[in-house]
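# Summary of structural features
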Amino acid sequence: MSLRSSIGAIRRDLLSSAHSRLAPLNDSGPIVTFTFDDFPRSALLTGGAILERWNVRGTYYTAPGLMNTSSDAGDLFRQSDVETLCEQGHELASHTFSHISARKTEGGVFENDLLKGRNTIEQLCGYDTGNFAYPFGDVTFRTKKRVGSQLTSARGIFPGLNGPNVDLNLLRANSLYGDLDQLPAAEKMIQQNLEQKTWLIFYTHDVQAKPSSFGCTPELLEAVVSSAVRHGCRILTVQETLECIGVSKGHTSRRAARSVPA
Ligand SMILES: [Zn+2]
């Protein structure tokens, strides 16, 4: 292991244990959640259709500033997609307004952008979401401490299973990228999740035949959803899972972020 990756691993471990807000999973597992970041149109039009076929729903973390734009992941969501998403019973959750990194932005700027994104999502879909995912998975000790207390949950991209005590300030999540050759790795996680009766969160971006390097094919998503269902996992959104384990949304208090330098 290189020095750089060793330092990265140590930082990840420290961040995982610092400023935690733990909630016991008790006997609620095994649960699997499918999340889509940024919300490319294909994540709903193709990915959402796959989930619907299995009568399950997903969580879409989006930054409203990305609306009507496009990226390597293809066209990102439009306002009409938000309406469709809500009608279909999926969850819209926040991802800052401008899709900015907590590591590259001053703390006060990041917190204000997070609040702006959350407020805009409330205007778009009519409910306040306390669930958030860090853009790029970038999290700092400072933001984990300060932002965590304002949210119901915050998701990162540190891999692994959640439980038996879930850290609401930094939910673990595992990438679901590529094509069917990635199925064995995903099935291994599903198997571990089953044995440990924990909560497995997957994340991806676009869902299309030729996905970006941060997306997956419809075939991979379908196969993983099918596997999770066949193994008897409950497929729930983030919010459904939190309600299931007794984390009330009312816990959330939104205080104005202070504009102070990091
Ligand atoms: Zn993102």
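Scroll up to find the structure.
In this report, the structure presented in the accompanying data block is examined.

## Looking at the packing of helix α2 (residues 41-53) against helix α3 (residues 79-87)
Between α2 and α3, the least distance of the axes is 10 Å, while the angle of their chain directions is 35°. Handedness of the α2/α3 crossing: left-handed. For the pair α2 and α3, contact is made by R41, L44 and L45 and by D81, T84 and L85, respectively. Across the contact of α2 with α3, the residue classes break down as 3 nonpolar, 1 polar and 2 charged.

## Focus on α3
Within α3 the residues assigned to the buried category are D81, V82 and L85. Down the axis of α3, the sector holding all buried residues measures 105°, keeping them to one side. In this structure, the buried residues of α3 make contact with α2, β3 (59-62), β6 (91-94) and α4 (107-125). Directly beyond the C-terminal end of α3, a positive phi value near 85° is found at G89.

## Some details on the packing of aromatic side chains
Within the structure shown, the criterion is met by 9 aromatic pairs. Pairing F110 with Y134 gives two aromatic rings, centres 6.1 Å apart and planes at 10°, and the pair type is stacked. With F110 in helix α4 and Y134 in the loop between β7 (131-133) and α5 (141-148), this pair connects stretches of sequence that are 24 residues apart. Here F110 and Y134 have matching classes, each one buried. When the ring of Y177 is compared with that of Y203, the centres are 5.8 Å apart and the planes differ by 90°; the resulting orientation is edge-to-face. Of this pair, Y177 sits in the loop between β10 (174-175) and α6 (183-196) while Y203 sits in strand β11 (residues 199-204), and the two are 26 residues apart along the sequence. A relative accessible area of 8% means that Y203 is categorised as buried. Within the aromatic cluster, the residues linked to one another by ring pairs are F36, F39, Y60 and F77. K116 extends its terminal NZ or CZ atom over the ring of F97, reaching a point 4.1 Å from the ring centre.

## What to know about the coordination of the zinc ion
Protein coordination at the zinc ion: the donors are D38 (OD), H95 (NE2) and H99 (NE2), at 2.0 to 2.1 Å from the metal. Linear spacing of the donor residues for the zinc ion on their chain is D-x56-H-x3-H. Here H95 lies in the loop between β6 and α4 and D38 lies in the loop between β2 (31-37) and α2, a separation of 57 residues in the sequence. The class of H95 is buried, set by a relative accessible area of 1%.

## Examining the state of the cysteines
Scanning all chains against the criterion turns up 0 disulfides. Counting only cysteine sulfurs, C244 is the nearest neighbor of C233, a cysteine outside any disulfide, at a range of 13 Å. A residue is classified by how much of its surface remains accessible, and C244, at 31% relative accessible area, is partly exposed.

## Notes on the pairing of β11
Among the 6 residues that make up β11, 6 are buried, leaving the element largely enclosed by the rest of the structure. In β11, alternate side chains face the same way, and those of W199, I201 and Y203 on one face and L200, F202 and T204 on the other are all buried. Judged from the 6 bridges that link them, β2 and β11 form a sheet pairing that is parallel. Within β11, the position partnered with F36 by the bridge is T204. Regarding topology, α6 serves as the crossover connection from β10 to the parallel β11, and that connection is right-handed.

## Brief notes about the pairing of β2
Along β2, 7 of the 7 residues are buried, which leaves the element largely enclosed by surrounding structure. Neither face of β2 is left uncovered, since the one carrying I31, T33, T35 and D37 and the one carrying V32, F34 and F36 both have all their residues buried. In this structure, β2 lies alongside strand β12 (residues 234-235), joined through 2 bridges in parallel fashion. Each residue of the ladder has a partner; that of I31, found in β12, is R234. Taken together, the 3 bridges between β2 and β3 define a ladder with parallel strand orientation. Along β3, the bridge assignment pairs D37 with Y61. Viewed along the sheet, the connection from β2 through α2 into β3 turns out right-handed.

Rules of the game
- What you see as residue numbers is a count from 1 along each chain, following the sequence as written.
- With the structure being a predicted model, the display of local features is reserved for residues of pLDDT at least 70 and the display and counting of side-chain atom pairs for 80 or more, all residues being used for whole-chain, interface and lining totals.
- Excluded from the side-chain calculation are hydrogens and water; included are all heavy atoms of the structure.
- For helices, the fitted line uses only the C-alpha atoms of the stretch in contact; every axis is such a line through C-alpha atoms, and the angle between N-to-C directions lies from 0 to 180 degrees.
- Every helix listed is a DSSP run of H or I at least four residues long, and every strand listed is a run of E at least two residues long, numbered separately from the N terminus.
- In this scheme the crossing of two helices becomes right-handed for a clockwise turn of the near helix relative to the far one and left-handed for an anticlockwise turn of less than a right angle.
- The contact criterion used throughout is that any non-hydrogen atoms of two residues lie within 4.5 Å.
- Gly is placed with the polar residues, together with every amino acid not listed as nonpolar (Ala, Val, Leu, Ile, Met, Phe, Trp, Tyr, Cys and Pro) or charged (Asp, Glu, Lys and Arg).
- Exposure classes here rest on a 1.4 Å probe applied to the protein chains alone. A residue is buried below 20% of its type maximum, exposed above 50%, and partly exposed in between.
- This arc is taken over the directions from the axis of the helix to the C-beta atoms.
- Aromatic contacts are taken between Phe, Tyr and Trp rings whose centres are within 6.5 Å, Trp giving its six-membered ring; a plane angle under 30 degrees counts as stacked, one over 60 as edge-to-face, and the others as tilted.
- Remark: a charge is flagged as sitting over a ring if the NZ atom of Lys or the CZ atom of Arg is within 6 Å of the ring centre and within 35 degrees of the ring normal.
- Donor atoms: N, O and S within 2.8 Å of the metal, or within 3.2 Å for Na, K and Ca. Because water is excluded, sites can look incomplete.
- Note on terminology: disulfide denotes any pair of cysteine sulfur atoms within 2.5 Å.
- Strands pair, by our definition, only if DSSP identifies at least two bridges between them.
- With the strands pointing away from the viewer, any crossover whose connection runs clockwise from the first strand over the helix to the second is right-handed.

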